[in-house]
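So the chains spell out like this:
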Amino acid sequence: MSVFTAAADQSVCAPLPVLGRDVTVPLVTGGEVTYAALDYAASAPALQRVWDDVAAYAPYYGSVHRGAGYLSQLSTDLFENARKTVAEFLDCRADDQLVFTRSTTDSLNLLARAIPADCQVFVFETEHHASLLPWQDARVTYLNAPRTPRQAVETLERALADRDPHGPALVCVTGASNVTGELWPVRELAAAAHAHGARIVLDAAQLAPHHPVSVRDLDVDWVAFSGHKLYAPFGSGVLAGRADWLQAAEPYLAGGGASRKVTRREDGGVDVEWHETAARHEAGSPNVIGAYAIASACKALTEAGWDGLVARERHLIEKVRTGLADVPEVRILSLFGDDAPRVGVISFVVEGWNSSHFAAALSAEYGIGVRDGLFCAHPLVRTLLGSDPQTQGECGAPEAAPGEKSLNAIRVSFGAGTPDEHVDRFVRAVRELVTDGARWKYRTEDGRCVPAV
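Residues numbered from 1 in each chain as written. Predicted model: local features only at pLDDT ≥ 70, side-chain atom pairs only at ≥ 80, totals over all residues. Heavy atoms only, no water.

The biggest cluster of nonpolar side chains holds 87 residues, and the ones touching the most others in it are Val86 and Leu90. Ranked by the residues each element gives to this core, the list is headed by helix 9 (residues 288-304), at ten residues. By size, the runner-up hydrophobic cluster in this structure holds 33 residues, among which are Ala36, Tyr366, Phe426 and Val434. (Core = buried A, V, L, I, M, F, W, Y, C linked by side-chain atoms within 4.5 Å. Buried < 20%, exposed > 50% of the residue type's maximum accessible area, 1.4 Å probe, protein only. Helix = DSSP H or I, 4+ residues; strand = E, 2+ residues; numbered from the N terminus.)

Structural data, given as structure tokens:
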């Protein structure tokens, strides 16, 4: 079964320059250290290239699609060229539409609003909440977590075979897990969906920053991702794909920009003619800087070369996994097993440690930023931890004191801007904390573990 692969050239590139790479933070034990940002899966630091591009454009900022002035026209051209750049980055089809949104969550909620009224949706319990929850107004079939890529395809095929073959259907699947980093068999899932008359949307929030994503090659109907995970700040996202459902749906937001023509009726009401282009779902003044930042990041990653970026990430993944494997108390969470291809996202638990306590110690004593909790993927994490996936919980750390067991995990994630030193420091810190324990006292405050002062 095919998986995402890098090209033959495996030369490892240098880390890409990112903002914050020289920021120092204080340690509770005294002194300062350069901050090791290892929470890329939540928000990746902005590429320096992106920041420089935005700063160069900022003096020329103007409202788009509105003004006759030079700056408005320049900004309009920049905004629409950004749309073309991102479409090229995703290898979209000629008749696809690309809508700028606020985030992956916003993109998938937009699509959820656009699906036909009688559409049946199929989604694995392993999804991030952004792709698990938007479909609640539809007929939803939640699929159990598979334990191999082949099982994922077989599970979907069985579910689709049992559906009403005459109505529309949509499959929603991640490209790379935000918990385990494992790559999903998107191409095979798309083939299964289409064989049964269904469409498929790809949540590429964790895939696009790490691997090239081709709408054509994967044969998906839509793809969604966020700029803040693609080294671009400013709260922008993308939904790209087939136009027909988007054109047939009521606008996601009603207002200026989405409407082509508004007239009063004799009875006092109004008639509205909506755009059929992407503008239909982009009402209001768009986030021009956010869209431009995404386009800049797409260019930067493409120009850096995916072969070297992927090879570098594999090098870092091997460092982390090898280092954690040398600590018997550490258990890495996985659906598909140790040999599964993955991106730079690794979650684990440490025997005898509350995960919030461990993450707090990494930050306070080593200057390392990771994430702990359920990562807005509660059913998946609970399944991986061997608990009831229906048990309620919170995205943050539960109320548990240092040393007490808690139903959450620790996630380390990295990418194109991560230097080897950050990963080496993390592995060393894990080994020292497990062997020697924390050097500081900690307490629980507002549900989180923090250094006691």
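The subject of this paragraph is the pairing of strand 18 (residues 442-445). In summary, the side chains of a regular strand alternate between the two faces of the sheet. Across four bridges, strand 18 lies against strand 19 (residues 448-451) in antiparallel orientation. Residue pairing for strand 19: Thr444 is matched across the bridge by Cys449. Adjacent in sequence and paired antiparallel, strand 18 and strand 19 are bridged by two residues, among which Asp446 carries a positive phi angle near 55 degrees. (Pairing = 2+ DSSP bridges.)

This paragraph deals with the environment of Ser43. Note on placement: Ser43 falls in the loop between strand 3 (36-37) and helix 1 (48-57). Counting along the chain gives 188 residues from Ser43 to Tyr231, while the straight-line C-alpha distance between them is 7.8 Å. At a separation of 2.7 Å, a polar atom in the side chain of Ser43 contacts the side chain of His228. (Polar contact = N/O pair within 3.5 Å; in protein donor to acceptor, adjacent residues only side chain to side chain.)

Bringing the packing of helix 10 (residues 306-325) against helix 13 (residues 420-436) into the picture now. Packing of helix 10 against helix 13 brings their axes to within 9 Å, and their N-to-C directions diverge by 10 degrees. With respect to helix 13, the axis of helix 10 lies roughly parallel. Residue-level inspection shows Arg312, His315, Leu316, Lys319, Val320, Gly323 and Leu324 of helix 10 in contact with helix 13, the latter providing Asp420, Val423, Asp424, Phe426, Val427, Val430 and Arg431. Its residues assigned to classes, the contact of helix 10 with helix 13 shows seven nonpolar, two polar and five charged. (Axes fitted to C-alpha atoms, helices over the stretch in contact; angles between N-to-C directions. Parallel < 35°, antiparallel > 145°, perpendicular 65-115°, else oblique. Contact = heavy atoms within 4.5 Å. Nonpolar A, V, L, I, M, F, W, Y, C, P; charged D, E, K, R; others polar.)

With that settled, consider the packing of aromatic side chains. Both the distance between ring centres and the angle between the ring planes are used here to describe each pair of aromatic rings. Counting across every chain of the model gives twelve aromatic pairs. Ring centres 5.9 Å apart and planes at 10 degrees place the aromatic pair Trp51 and Phe234 in the stacked group. Taken together, the positions of Trp51 in helix 1 and Phe234 in the loop between strand 9 (222-226) and strand 10 (237-241) put the pair 183 residues apart, joining distant regions of the chain. Centre to centre, the rings of Tyr57 and Tyr292 are 5.6 Å apart; their planes meet at 70 degrees, and the pair counts as edge-to-face. Highlighted residues: Tyr57 in helix 1 and Tyr292 in helix 9, separated in sequence by 235 residues. (Phe/Tyr/Trp six-rings, centres within 6.5 Å; stacked < 30°, edge-to-face > 60°.)

Moving on, we get to a nonpolar patch on the surface. Among the surface-exposed residues, Tyr60, Tyr70 and Leu71 lie close enough to one another that they form a single nonpolar patch of about 340 Å² accessible area. With respect to the secondary-structure elements, Tyr60 resides in the loop between helix 1 and helix 2 (70-89). (Patch = residues over 30% accessible without salt bridge, like charges linked within 9 Å, V, L, I, M, F, W, Y side chains within 5 Å. Areas by Shrake-Rupley, 256 points an atom, 1.4 Å probe, with all protein chains shown as cover. Salt bridge = Lys/Arg side-chain N within 4 Å of Asp/Glu carboxyl O.)

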